[in-house]
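Report on the structure
Residue-level listing of the chains:
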2 protein chains.
Amino acid sequence: MKTVLSSATKTVLIGPDEPFVIIGERINPTNRKKLAEELKRFDFSRVRADALAQVEAGAQVLDVNTGIPGADEPGMLKGAVQAMMEVTDAPISIDSSTPEALEAALPIYRGKALVNSVTGEDESLERLLPLIKKYGAAVIGIANDDTGISNDPEVRLAVARKIVQRAADHGIPREDVLIDPLCMPIGANHNFGRITFETMRLIRQELGVNMSIGAGNVGFGLPDRPPLTSSFMLLAMPVGLTAAITNALEPEIYRSILAGDLMMGRDPFGKRWNQNFRKVSAAKAAALGAAAPAAPSAASPTPSPVTGR
Amino acid sequence: MKTVLSSATKTVLIGPDEPFVIIGERINPTNRKKLAEELKRFDFSRVRADALAQVEAGAQVLDVNTGIPGADEPGMLKGAVQAMMEVTDAPISIDSSTPEALEAALPIYRGKALVNSVTGEDESLERLLPLIKKYGAAVIGIANDDTGISNDPEVRLAVARKIVQRAADHGIPREDVLIDPLCMPIGANHNFGRITFETMRLIRQELGVNMSIGAGNVGFGLPDRPPLTSSFMLLAMPVGLTAAITNALEPEIYRSILAGDLMMGRDPFGKRWNQNFRKVSAAKAAALGAAAPAAPSAASPTPSPVTGR
């Protein structure tokens, strides 16, 4: 099954035989005071810069969220989407559960957007699915409902099933629904990973839909989070993870995803792996060259060479 | 299913609900000229140092290979095993397919050893399985036979089935057989990863045995191999990989395995994850402290702090 997203000039496919899709999470005012202030002034310069940086770092799709309490979410969302379309051709994931904001942003979007997100709650489904259908978007459906987030994979499967069925009732085909099986912080309960992986296995087996996840949450409260996010995504790929909303700007996360693609046969001849290696090596060499004049004679430790082992 | 290995004083369990087991690959004269020369002189000082270093780095089991063409493999193997038992309590993987070498090393080993390895070839099975039974060892069975290494997962499964059955014929129970599903360099054929993963899925489904793999081979010929080895192992864990013969001394590989264990619910409270983080951080701080006097005033780039993201 393939999910198709597009901008005016570019198509991105999501599916088990396609390269894993990174949905860049950066354009979000949560914990970003400067971005929040600028958005409120309808200053989208940082949105443009963040869009470009994430695409350069490997994000194929860009998430945008303008949910700031008390501020004009619809206006800011429309402006941000417009700004992003001006600088990149990456399809956009419109991150809002507010009908008014979606009504403002979806009509101006050129292409097939992703809406992030509905849940299994009746109110969410009934308010948002008609808009998603009206504008021909795809949607992320999160596997929780008004009873909360279950620790029982069968219950999460049932919520996913409900979302897929309600979407179908509204004329949205299954391939346009990405299920988010939910990833809770492993530091809170060491079974949270297994619960997510089993949920994914069940969803893939019964529903066959593509899946995306907000991966950064899994290491919450633990030290050295990038490798936790990376390993979580790699462990989830064999059970059906096809995309993730994550930090494309973290080189270790991007590299892990490239390695996963290579191992899963989704990077023939290691073309993207080798390209990224050359790019990273060149950047390191440039950084060393720039740093050298500052301390030409110092016996400063050089980065370890990448070994051939 | 649990595979039990032991030394005189320590037991290591291998199985899907146990921490992933690293079998340290370092004590092997291939491409290690100094080690080879020392082994030929029956000098085991480097063997002892390598054993200690690998255990310190996280290896739970230690492989030992003394296969040097034209030299006394049985005598060297016996001496190396003796030396390793003197300095560590890690169970040993005796890496030889030579009956004479196994006959020299197995009688002096105190505990339950792992023999690395038999293949599905009749000659290999009939010569080695009686020794493995005689000394109560466990064994790695590699999924190739005299027809070679098949690219068909069903054929590899059939070889694995044959090994498990022949072992049973010799009175060796299934839990004492670790199958190596074989991992060929992904740079040679981008389907080699998928072939291995599908082989593993079939083996786990039909035979239910534990699996180990020589993981370092997968990135042969490609740049930046540690993350390739790491991602390969993480992708293989959900389909049944329970152990790997790999480079415990590579911090990135060890860290990925710890992250995998944490995500799979095999490191409650992140105890080992946190311990390793503190150990690595302390080592980095010590290295910085040691480096500082050499260039006290230079504006040398400091390592990036580990982020909390």
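Now for a look at the structure at hand. (Residues numbered from 1 in each chain as written. Chains lettered and ligands numbered in written order. Predicted model: local features only at pLDDT ≥ 70, side-chain atom pairs only at ≥ 80, totals over all residues. Heavy atoms only, no water.)

Turning to the relation of the copies chain A and chain B, a few remarks are in order. Each copy superposes on the other: chain A lies on chain B with an RMSD of 0.0 Å after a rotation of 180° and an axial shift of 0.0 Å. Put plainly, the chains are arranged around a two-fold axis. When the interface residues of chain A are mapped onto chain B, 100% of them again lie at the interface, so the same face is used by both copies. (Least-squares fit on C-alpha atoms with pLDDT ≥ 70 in both. Contact = heavy atoms within 4.5 Å.)

Formed by 162 residues in total, the largest nonpolar core has its most connected members in Ile94(A), Ile132(A), Ile179(A), Ile94(B), Ile132(B) and Ile179(B). Each residue touching Ile179(A), except ones within four places of it in the same chain, is listed here: Gly141(A), Ala160(A), Ile163(A), Val164(A), Ile203(A), Val209(A), Asn210(A), Met211(A) and Ser212(A). (Core = buried A, V, L, I, M, F, W, Y, C linked by side-chain atoms within 4.5 Å. Buried < 20%, exposed > 50% of the residue type's maximum accessible area, 1.4 Å probe, protein only.)

For the structure on display, the rule yields one cavity of 30 Å³ or more. When its volume is computed, the largest cavity comes out at roughly 110 Å³. What lines the largest cavity is a set of 13 residues, among which Ser230(A), Ser256(A), Ser230(B), Leu234(B) and Ser256(B) lie closest to the centre. Contributing elements (two or more residues each) for the lining of the largest cavity: α8 (225–236) and α9 (251–263) of chain A together with α8 (225–236) and α9 (251–263) of chain B. For the lining of the largest cavity, the residue count by class is five nonpolar, six polar and two charged. (1 Å grid on protein atoms, 1.4 Å probe; cavity = no way out; pocket = protein on both sides within 12 Å on 5 of 7 lines; lining within 4 Å. Points joined across faces, edges and corners; volume = space filled by probe spheres on them. Helix = DSSP H or I, 4+ residues; strand = E, 2+ residues; numbered from the N terminus. Nonpolar A, V, L, I, M, F, W, Y, C, P; charged D, E, K, R; others polar.)

The bulk of non-glycine residues show a negative phi, and the bulk of peptide bonds are trans. A cis amide bond links Asn116(A) with the next residue in sequence, Ser117(A), at an omega value of 20°. Among the secondary structure elements, Ser117(A) is positioned in strand β6 (residues 114–119). Phi is positive for Asn31(A), close to 60°, though the residue is something other than glycine. Tracing the backbone shows Asn31(A) in the loop between β3 (21–27) and α1 (33–40). In this structure, Phe42(B) is a non-glycine residue whose phi angle is positive, near 60°. For Phe42(B), the location among the structural elements is in the loop between α1 (33–40) and α2 (45–57).

Attention shifts here to the environment of Pro91(B). Residues and elements named next belong to chain B. Following the sequence through the fold, Pro-91 ends up in the loop between α3 (73–87) and β5 (92–94). For Pro-91, a relative accessible area of 0% gives the class buried. Placed 21 residues apart in sequence, Pro-91 and Lys-112 show a C-alpha to C-alpha distance of 7.4 Å. Sequence-distant contacts of Pro-91, defined by excluding residues within four places in its chain, comprise Leu-5, Ser-6, Ser-7, Lys-10, Val-12, Gln-60, Val-61, Leu-62 and Tyr-109.

Before going further, it helps to examine helix α7 (residues 192–206) of chain A. Note: α-helices contain 3.6 residues per turn, so residues at a spacing of three or four share the same orientation. Helix length check: α7(A) (15 residues) gives 21 Å between terminal C-alpha atoms against 21 Å at 1.5 Å per residue, within 8%. For α7(A), the complete set of buried residues consists of Phe192(A), Gly193(A), Ile195(A), Thr196(A), Phe197(A), Thr199(A), Met200(A), Leu202(A) and Ile203(A). On its buried face, α7(A) sits against α6 (153–169), β8 (177–180), β9 (211–214), α8 and β10 (241–246) of chain A together with α9 of chain B. Just past α7(A), the residue Gly208(A) takes up positive phi, approximately 70°. (Expected span 1.5 Å × (residues − 1).)

Attention shifts here to α8(B). With 12 residues, α8(B) ought to run about 16 Å at 1.5 Å a step, and its terminal C-alpha atoms sit 17 Å apart, in line with that. A large share of α8(B) lies buried, amounting to 12 of its 12 residues.

A word on the interface of chain A and chain B. Counting from both sides, the interface comprises 43 residues of chain A and, opposite them, 43 residues of chain B. Of the roughly 4,100 Å² buried between chain A and chain B on both sides combined, carbon and sulfur atoms contribute 66%. Run the count over chain A and chain B and you get four salt bridges. Of the charged contacts in the structure, one is a salt bridge between Asp224(B) and Arg255(A), with a shortest N-O distance of 3.3 Å. Taken together, the links from chain A to chain B amount to six residue pairs in polar contact (both at pLDDT 80 or more). Every element with two or more residues in the side of chain A that touches chain B is listed here: α7, α8, α9 and α10 (271–291) of chain A. Broken down by element, the side of chain A that touches chain B gets its largest block of residues, eight residues, from α8(A). Considered class by class, the residues forming the side of chain A that touches chain B number 25 nonpolar, 10 polar and eight charged. (Buried area = accessible area lost by both parts, 1.4 Å probe. Salt bridge = Lys/Arg side-chain N within 4 Å of Asp/Glu carboxyl O. Polar contact = N/O pair within 3.5 Å; in protein donor to acceptor, adjacent residues only side chain to side chain.)

Attention now moves to the packing of aromatic side chains. Residue and element names in this part refer to chain A. Within the structure shown, the criterion is met by four aromatic pairs over all chains. Between the aromatic rings of Phe-42 and Phe-44, the centroid separation amounts to 6.0 Å while the plane-to-plane angle is 90°, which identifies the pairing as edge-to-face. Judged by its relative accessible area of 41%, Phe-42 falls in the partly exposed class. Residue class for Phe-44 comes out buried when judged on its relative accessible area of 9%. (Phe/Tyr/Trp six-rings, centres within 6.5 Å; stacked < 30°, edge-to-face > 60°.)

Moving on to the packing of helix α6 (residues 153–169) of chain B against helix α7 (residues 192–206) of chain B. Residues and elements named next belong to chain B. At a minimum axis distance of 9 Å, the contact between α6 and α7 shows a crossing angle of 45°. In terms of orientation, α6 lies oblique with respect to α7. Here α6 and α7 pass one another in a crossing that is right-handed. Residues Pro-153, Glu-154, Arg-156, Leu-157, Ala-160 and Arg-161 of α6 form the contact with α7, whose participating residues are Ile-195, Thr-196, Glu-198, Thr-199, Leu-202, Ile-203 and Glu-206. Grouping the amino acids of the contact of α6 with α7 by side-chain chemistry returns six nonpolar, two polar and five charged. (Axes fitted to C-alpha atoms, helices over the stretch in contact; angles between N-to-C directions. Parallel < 35°, antiparallel > 145°, perpendicular 65-115°, else oblique. Left-handed = near helix turned anticlockwise from the far one by under 90°.)

Residues and elements named next belong to chain A. In terms of burial, strand β7 (residues 138–142) is largely enclosed, as five of its five residues are buried. The alternating pattern of β7 places Ala-138, Ile-140 and Ile-142 on one face and Val-139 and Gly-141 on the opposite face, and all of these are buried. Bridging between β6 and β7 involves five bridges; their strand directions are parallel. Directly across from Leu-114, in β7, lies its bridge partner Ala-138. Viewed along the sheet, the connection from β6 through helix α5 (residues 122–134) into β7 turns out right-handed. In the sheet, β7 pairs with β8 via four bridges, with the strands oriented parallel. Residue pairing across strands places Val-139 opposite Val-177, the latter belonging to β8. What joins β7 to β8 is α6, and the crossover it makes is right-handed. (Pairing = 2+ DSSP bridges. Right-handed = clockwise from strand over helix to strand, strands pointing away.)

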